[in-house]
Amino acid sequence: KPHHHHHHCHNFLGIEISSERAAEARDNIRKAQQSNEIPSHVSIQIICANALDTSLVDYTQATVVFLYLVPRGLRLIKSVVWPEEEEEESRADCAIA
């Protein structure tokens, strides 16, 4: 009997700007589900979008965010994923000034 680890995370959302890579990811997910590498209780959705587009992507419910971006992309997305941090920094700047 194979030993399966119970995953605490069960909802995953992938955001890929390239339609070709998004399609490849969806195909890989489908194959992994068919071979039971991905447990049936786990949901994985891939959307083809710009991760900076907040009309398509809602980060407010995220508990874990994994980013694979070039340095410029990481700088740009910081205020999108963690908007409260930007607000705290600007309040701190005002207090110092």
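The rules behind these values
- Residues numbered from 1 in each chain as written.
- Predicted model: local features only at pLDDT ≥ 70, side-chain atom pairs only at ≥ 80, totals over all residues.
- Heavy atoms only, no water.
- Core = buried A, V, L, I, M, F, W, Y, C linked by side-chain atoms within 4.5 Å.
- Buried < 20%, exposed > 50% of the residue type's maximum accessible area, 1.4 Å probe, protein only.
- Helix = DSSP H or I, 4+ residues; strand = E, 2+ residues; numbered from the N terminus.
- Salt bridge = Lys/Arg side-chain N within 4 Å of Asp/Glu carboxyl O.

Which residues make up the nonpolar core, and what values go with them?
Counting eight residues, the largest nonpolar core is built from Ile47, Ala49, Ala51, Val57, Tyr59, Ile77, Val80 and Val81. The dominant element in this core, judged by the number of residues it contributes, is helix α2 (residues 71-81), at three residues. Listed in part, the six residues of the second largest apolar core include Ala22, Ile29, Ala32 and Ile38.

Summarise the pattern of salt bridges; cite the residues concerned and give the values.
For the structure shown, the criterion picks out two salt bridges. Measuring nitrogen to oxygen at the nearest pair gives 2.3 Å for the salt bridge that ties Asp27 to Arg30. Highlighted residues: Asp27 and Arg30, both in helix α1 (residues 19-34), separated by three residues, approximately one helical turn. For Arg30, a relative accessible area of 38% gives the class partly exposed. The partner of Asp27 in a salt bridge is Lys31, and the shortest N-O contact between them spans 3.1 Å. Here Asp27 pairs with Lys31, and both are found in helix α1, just four residues apart, close to one helical turn.

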